[in-house]
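Each chain, written out:
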Amino acid sequence: GFNWEKRKEPFQIVYRGVDAPWAEHDWRAVPAAGQAARLEEFLREDRRRSFDLATAPLLRVHVIRMSETAWHFCWSHHHLLLDGWSRSLLVQEWLQRYRAALRGERAAVAVPRPFKHYLAWLRQQDAAAAEAFWRRELAGFEAPAALTLGRAGMKGEKEQGGGEVEIFLSAEDSRVVREFAARRQLTANTVAQGAWSLLLGRLGGTGEPVCGVTVSGRPAELPGVETMVGLFINTLPLRVAIAADARVGSWLETLQKKMTELRRFESTPLARIQSWSGLGHGEAMFESIFVFENYPVDPAAADLGTGFTIGGISSFERPNYPLTLLVSP
C-alpha cells in the first residue's frame, strides 16, 4: 500500500501479510451465446471499482468457470504496484510453479533481489548532474504543441471518452524496418520514435516537438535488476529538433545518441523535471506519450502440457494522457 498523508514524501508499505483478493465464479449455467456480453459487462464493472492506494495489495483476481474445460482468468492491478516487465516475470514464475504442481513437484524458483535495493540505488544518484542535464534539455521550452486531432471517428467506451486503434505492419514492412535499422546500427525503437516525432512536429506545427517517452528504468549497473519486481518505468520529456534539410539516416543516428544520453538520467522524477522547465505548476509538458514495449516473454509459455493451454489474452490500461502510441515488436 501507499501512504503520503502528513509526510514530506510518499511511502510504499510492505505488509507481512494481506488477505488475498481472490474470487471464483461459476457461469456454466449461462448460455454460451450470453457469456461474452456478461464478461464484457463484468470487466467494465471491475474497471469502475479502481483501487484505494492505502489498502494493500492493490490487486485482485477473478477466476470465472465458463464450461467444464474452460476458465477466464482476470487479474487487475494498479500500475503503482508493478510495470509490464514485472508482470511478465510474475506470469513466468506462476507458469513455472503451475508446471511443477502438475507433476506433483515443488518448483525451484530463484528468489529475486528485493525492490528496496533499487530504491537504495536511486538515493545514490547525482541529483545536481540530473538537474543540469534537464535544464539544458528544456532551455527555451515554453509550451507543448497542441494536437488538434478532433473527435471524428473515435470509438470506444463512453466512460473513458476515448478509443483505441490497432495496426499491424505486414511481414514485408516489418522486414524492411528491421533491415533499415540494422544497416544504420539503429534500434527499432529509434526508428519508431523518429517517425512519431516527425508526425507530432507536423500535427503541432513545430520544429521541436516534445513528447513523453516511457523508459524501462532498470539500470544496467544494478546487479539482478532484470529479475526485480516493482515499478521501475518512468516517463520523460523527449525534445526532438527537426531540420527540413536533414537526411533521415543521420538524423535518426543523432536521435539515438540523444536517447542514450537521456537514459543516463532516466530515473529523475517527472515532477522534478517539470519544476526545472519553463512551465508553470500543473501545466502538462506533453500531450502524447510513446511506449516501446520490449520486455522478456517466453514464446512457449502458453503451452503447459497435459492438454492445458492459455489463449485469448487481452489487456486494458487506463492512461492519463490524451494520446498514447504503444509499439510492440
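Residues numbered from 1 in each chain as written. Predicted model: local features only at pLDDT ≥ 70, side-chain atom pairs only at ≥ 80, totals over all residues. Heavy atoms only, no water.

Peer 1: An account of the overall build of the protein is requested, with residue identities and associated values reported.
Peer 2: If you tally the helices and strands in the protein, you get eight helices and nine strands. Counting only C-alpha atoms and orienting by the principal axes, one finds that the protein spans roughly 65 × 45 × 40 Å. Put simply, the protein has 329 residues, and 30% of those count as buried. Of the contacts made within the protein by residues no fewer than 6 positions apart, 69% connect residues no fewer than 24 positions apart. Looking at charge distribution, the protein has the averaged site of its 39 positive side-chain charges lying 2 Å from that of its 38 negative ones. (Helix = DSSP H or I, 4+ residues; strand = E, 2+ residues; numbered from the N terminus. Buried < 20%, exposed > 50% of the residue type's maximum accessible area, 1.4 Å probe, protein only. Contact = heavy atoms within 4.5 Å. Lys, Arg positive; Asp, Glu negative; His and termini not counted. Charge placed at Lys NZ, Arg CZ, Asp CG, Glu CD.)

Peer 1: Describe the sheet that holds strand E5 (residues 71–77), and please don't skip the residues or the numbers.
Peer 2: One open sheet holds the three strands; their spatial order is E3-E4-E5, and the pairing between them is mixed. Two strands close off the open sheet at either side, each with one partner strand: strand E3 (22–26) and E5. Going from strand to strand, the sheet's axes swing by 15 degrees on average, the running direction of each strand aside. The strands that helix H1 (residues 32–49) touches are E3, strand E4 (59–65) and E5; relative to E4, the one it contacts most, it runs at about 165 degrees. (Pairing = 2+ DSSP bridges. Axes fitted to C-alpha atoms, helices over the stretch in contact; angles between N-to-C directions.)

Peer 1: Provide a residue-level description of the nonpolar core, including the pertinent values.
Peer 2: Among the nonpolar cores identified, the biggest contains 34 residues, and Trp 134, Leu 236, Leu 238, Met 285 and Phe 290 are the most heavily contacted of them. Mapped onto this core, the elements with two or more residues apiece are helix H4 (127–137), helix H6 (188–204), strand E6 (210–215), strand E7 (234–239), helix H7 (248–262), helix H8 (270–276) and strand E8 (288–292). The leading source of residues in this core is H7, at five residues. When sequence neighbours within four positions are dropped, the list of residues in contact with Phe 290 reads Asn 189, Ala 192, Gln 193, Trp 196, Cys 211, Gly 212, Val 213, Thr 214, Leu 325 and Val 327. (Core = buried A, V, L, I, M, F, W, Y, C linked by side-chain atoms within 4.5 Å.)

Peer 1: An account of the packing of H4 against H7 is requested, with residue identities and associated values reported.
Peer 2: Two elements in contact, H4 and H7, have axes separated by 12 Å at closest approach and are oriented at 145 degrees. From H4, Phe 133, Trp 134, Arg 136 and Glu 137 reach across to H7, where they touch Lys 258, Glu 261 and Leu 262.

Peer 1: With reference to specific residues and values, describe the confidence of the model for the protein.
Peer 2: Model confidence for the protein is summarised by a mean pLDDT of 87, while 92% of its residues fall at 70 or above. Contacts of residues 150–159 to residues separated by more than four positions or lying in other chains number 15 contacts, the stretch itself having pLDDT below 50. (pLDDT = per-residue confidence, 0-100.)

Peer 1: Could you give an account of the environment of Leu 186, naming the residues involved and the relevant values?
Peer 2: Following the sequence through the fold, Leu 186 ends up in the loop between helix H5 (171–183) and H6. By relative accessible area, Leu 186 is classed as buried at 9%. Separated by 66 residues in sequence, Leu 186 and Leu 252 place their C-alpha atoms 7.7 Å apart. In this view, Leu 186 contacts Phe 180, Ala 181, Val 191, Leu 252, Glu 253 and Gln 256; residues no more than four positions away in its chain are not counted.

Peer 1: Describe the sheet that holds strand E9 (residues 323–327), with residues and values.
Peer 2: An order of E7-E6-E8-E9 is seen for the four strands of this open sheet, with the pairing classed as mixed. Whereas interior strands pair on both sides, the edge strands pair on one side only; in this sheet they are E7 and E9. Recorded for the sheet is a direction-independent mean angle of 25 degrees between the axes of neighbouring strands. Pairing of E6 with E8 involves three bridges; the strand directions are parallel.

Peer 1: Residues and numbers for helix H2 (residues 84–102), please.
Peer 2: The end-to-end C-alpha separation of H2 is 27 Å, in line with the 27 Å expected for 19 residues at 1.5 Å each. Gly 84, Ser 86, Ser 88, Leu 89, Leu 95 and Ala 100 are the residues of H2 that are buried. In the segment just after H2, Gly 104 is the residue with positive phi, at about 75 degrees. (Expected span 1.5 Å × (residues − 1).)

Peer 1: Give a description of the pairing of E5 that names residues and reports values.
Peer 2: Here seven bridges tie E4 to E5, and the two strands are oriented antiparallel to one another. Looking at the pairing, Leu 59 lines up with His 77 of E5. The hairpin turn running from E4 into E5, its antiparallel successor, is five residues long.

Peer 1: Pulling in residues and values, what's your account of the pattern of salt bridges?
Peer 2: Enumeration according to the criterion identifies 17 salt bridges in this entry. Salt-bridge contacts for Arg 218 lead to Asp 83; the nearest nitrogen and oxygen are separated by 3.4 Å. Residue Arg 218 is located in the loop between E6 and E7, and its partner Asp 83 is located in the loop between E5 and H2; the two are separated by 135 residues in the primary sequence. Arg 218 gets classed as buried once you look at its relative accessible area, which sits at 9%. Looking at Asp 83, the relative accessible area reads 0%, which means it is buried. Put simply, Glu 105 and Arg 103 hold a salt bridge, and the shortest N to O gap is 3.1 Å. (Salt bridge = Lys/Arg side-chain N within 4 Å of Asp/Glu carboxyl O.)

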